Amino acid sequence: MHCVSSKHSVMMVSFCQGALLLGLAAAMAVYADMKVDCGPDVVTLMWTESRPQADTSLLRLGSCFPTSFSAGEAYFYVDLTDCNFRRLVTGDALVYSNDLTYVASADSYNLAFTHPVVCAYERPKDWYATIYDPVFKTYSLGDLQFNIGLMNDDFSGPAESTRFPLGSIIPIMASVVQKTHQPLLLLLEECVAATTPELYPESTMYPIISNKGCLLESVSSRSKFEPRQKSSEIRLSLQTFTFAMGEEVFIHCKLLAWDPNGLDSTKKACHFVEGHGWELLDNLAQSNLCDCCESKCKSRRQRSVASEKHGMVQKAVIGPFTITDVNS
């Protein structure tokens, strides 16, 4: 059973599983049908397309790719905590909103579009805002929205504490919401630890990622990039270090959203694997791009400056958190 069917620019609203979903049909979607179920924790969306030239693999729900797709359909099965759903508390309602977007290719006759998806739930009487916010921050730049924060052990939700014993793993996740932009690959170009929320010339810094995407900490620790779940997301398992133990620590990062087909020695994510050397996260066959991690990584093509001016690069800060002695 579905909650809403939106077709031929007609808006229909109904209740399903205690949720209210509003489907608004855009003018370019008159040849498509969208059906959505708002469950307590999961949203399912089916997009049926009648135009044979439309590529349903180019549909995105927030930051998520289709769970499955065929020539005429795209299906999403996602958690409300995933895909960069936005939550708004208004009176007696919890409202979750997102955008279904179509990213048209350069040679396509179909125009890109954005289709709003909103699920509103009755606010539980015993619901209250979480007192602890692990500082999962959002940064907007142009038509891109960057997010970065501390996560729990399996990256399924926010961290439950900001205290990490020495030697433990700090899970960090960053993502970019692409909206109507072409699909992008998210990279961590640089990250340094410091004891201040802003960097100053006199700041004492501890390098974590440097040299255009080389995870320096992976050489002497268990730190590593985790396998990607989405191109627009990057996960880092960072082993705690002795820098500023017992003090508040902030990690300052430079996030880079880039063309997935345009990797080079300055646009990459590399980590050191014992017994194998430096490996490229996104394609082991191209790990030669990581060879410069032991020297100086320089671009062979003058292509980055123009793109960075168009909002591809975003600085972000994680923290504060504290690294504690295991015996404390």
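Keep in mind the model is a prediction, meaning the values are calculated, not measured.

S.K.: Could you give me a rundown of the overall build of the chain, with the residues and numbers involved?
M.R.: Across its full length, the chain holds one helix and 24 strands. Put simply, the chain has 328 residues, and 50% of those count as buried. A separation of at least 24 residues holds for 62% of the contacts in the chain among residues at least 6 apart in sequence. Split by element, the accessible area of the chain, about 16,500 Å² in all, is 53% carbon and sulfur.

S.K.: Outline the pattern of salt bridges, supporting the account with residue identities and numerical values.
M.R.: This model, assessed by the stated rule, comprises eight salt bridges. Where Lys 230 meets Asp 82, a salt bridge forms, and the shortest distance between an N and an O atom there is 3.2 Å. Of this pair, Lys 230 sits in the loop between β19 (224–225) and β20 (233–239) while Asp 82 sits in the loop between β8 (73–79) and β9 (86–90), and the two are 148 residues apart along the sequence. The network of salt bridges with common partners includes Asp 82, Lys 230, Glu 233 and Arg 235.

S.K.: Go over the state of the cysteines, please, and point to the residues and values.
M.R.: Applying the stated criterion across every chain yields a total of six disulfides. One disulfide bridge connects Cys 191 with Cys 253, the sulfur atoms lying 2.1 Å from each other. Around the S-S axis, the bridge from Cys 191 to Cys 253 shows a dihedral of about 115° and counts as right-handed. Here the residue Cys 191 occupies a position in strand β16 (residues 185–194), and Cys 253 occupies one in strand β21 (residues 248–258), the gap between them amounting to 62 residues. The class of Cys 191 is buried, set by a relative accessible area of 2%.

S.K.: Report on the nonpolar core, specifying residues and quantitative values.
M.R.: Formed by 52 residues in total, the largest nonpolar core has its most connected members in Ile 172, Leu 188, Ile 208, Phe 225, Ile 251 and Leu 255. Counting residues per element, this core draws most heavily on β21, at seven residues. Excluding anything up to four places from it in sequence, Phe 225 contacts Leu 188, Ile 209, Gly 213, Leu 215, Ile 234, Arg 235, Leu 236, Ala 269, Cys 270, His 271 and Leu 281. If you look at the next biggest cluster of nonpolar residues, it comprises 26 residues, including Trp 47, Cys 64, Phe 85 and Val 117.

S.K.: Explain the packing of aromatic side chains to me, using residue names and the numbers behind them.
M.R.: Counted under the stated rule, the structure contains five aromatic pairs. With 4.6 Å between their ring centres and 25° between their planes, Tyr 206 and Phe 241 make a pair best called stacked. A residue pair is termed long-range when its members are at least 10 positions apart, and Tyr 206 in strand β17 (residues 206–210) and Phe 241 in the loop between β20 and β21 qualify at 35 residues. Residue Tyr 206 is classed as partly exposed on the basis of its relative accessible area of 25%.

S.K.: So, unusual backbone geometry: which residues are in play, and what are the values?
M.R.: Each neighbour pair has its own omega, and for Gly 319 with Pro 320 the value is 10°, a cis peptide bond. Looking at the element boundaries, Pro 320 is found in strand β24 (residues 313–324). Positive phi values are uncommon outside glycine, yet Phe 155 reaches one of about 60°. With respect to the helices and strands, Phe 155 occurs in the loop between β13 (144–150) and β14 (163–165). Residues other than glycine seldom take positive phi values, yet Asn 211 does so here, at roughly 55°. By the secondary structure assignment, Asn 211 is in the loop between β17 and β18 (214–215). Residue Asn 211 is classed as buried on the basis of its relative accessible area, which comes to 14%.

S.K.: Lay out the environment of Trp 258 with the relevant residues and their values.
M.R.: Structurally, Trp 258 is set in strand β21. For the pair formed by Trp 258 and Leu 187, sequence separation is 71 residues and the distance between their alpha carbons is 7.5 Å. Of note is the side chain of Trp 258, whose polar atom sits 2.9 Å from the backbone oxygen of Gly 262.

S.K.: Could you give me a rundown of the sheet that holds β16, with the residues and numbers involved?
M.R.: Read across the sheet, eight strands follow the order β14-β24-β21-β16-β17-β18-β22-β23 without closing on themselves; strand pairing throughout is mixed. Every other strand in the sheet has two partners, leaving β14 and β23 (277–280) as the edge strands with one partner each.

S.K.: Can you explain the side chain of His 252? Please cite residues and give values.
M.R.: Following the sequence through the fold, His 252 ends up in strand β21. Judged by its relative accessible area of 10%, His 252 falls in the buried class. Engagement of the side chain of His 252 in a polar contact is seen with the backbone oxygen of Thr 196, the distance being 2.8 Å. When near neighbours in sequence (up to four residues on either side) are disregarded, His 252 contacts Glu 190, Cys 191, Val 192, Ala 194, Thr 196, Pro 197, Glu 198, Leu 199, Ala 316 and Val 317.

S.K.: Requested: an account of the confidence of the model for the chain, with residues and values cited.
M.R.: Mean pLDDT over the chain stands at 78; residues scoring 70 or higher make up 75%. Every residue in residues 1–29 is under pLDDT 50, and counting partners more than four places away or in other chains gives 79 contacts.

S.K.: Please provide a residue-by-residue account of the environment of Asp 153, values included.
M.R.: Turning to its location among the elements, Asp 153 is positioned in the loop between β13 and β14. On the accessibility criterion, Asp 153 (73% relative accessible area) is exposed.

Rules used in this analysis
All residue numbers refer to positions counted from 1 along the written sequence of the respective chain. Thresholds applied to this predicted model are a pLDDT of at least 70 for local features of residues and 80 or more for the giving and counting of side-chain atom pairs; totals over whole chains, interfaces and linings are not thresholded and use all residues. Hydrogen atoms and water are omitted, and side-chain values are computed over all heavy atoms in the structure. In this description a helix means any DSSP run of H or I spanning at least four residues, a strand means any run of E spanning at least two, and both kinds are numbered starting from the N terminus. Only protein chains enter the calculation, and the probe is 1.4 Å; a residue is then buried if its accessible area is under 20% of its type maximum, exposed if over 50%, and partly exposed in between. Contact definition: two residues touch when any of their heavy atoms are within 4.5 Å. Residue-level accessible areas treat just the shown protein chains as cover; the underlying method is Shrake-Rupley with a 1.4 Å probe. The working definition used for a salt bridge is a side-chain nitrogen of Lys or Arg within 4 Å of a carboxyl oxygen of Asp or Glu. In this description, a disulfide is simply a cysteine sulfur pair whose atoms lie within 2.5 Å. Among buried residues, the Ala, Val, Leu, Ile, Met, Phe, Trp, Tyr and Cys ones that are joined through side-chain atoms within 4.5 Å form a nonpolar core. We call Phe, Tyr and Trp rings a pair once their centres come within 6.5 Å, taking the six-membered ring for Trp, and we label the pair stacked below 30 degrees between planes, edge-to-face above 60, and tilted otherwise. Distance and chemistry together define a polar contact, namely a pair of N or O atoms within 3.5 Å, with one atom able to donate a hydrogen and the other to accept it when in protein, and with adjacent residues in sequence counting only for side-chain atoms on both sides. DSSP calls a pair of strands paired once it identifies at least 2 bridges connecting them. pLDDT runs from 0 to 100 and stands for how confident the predictor is about each residue.

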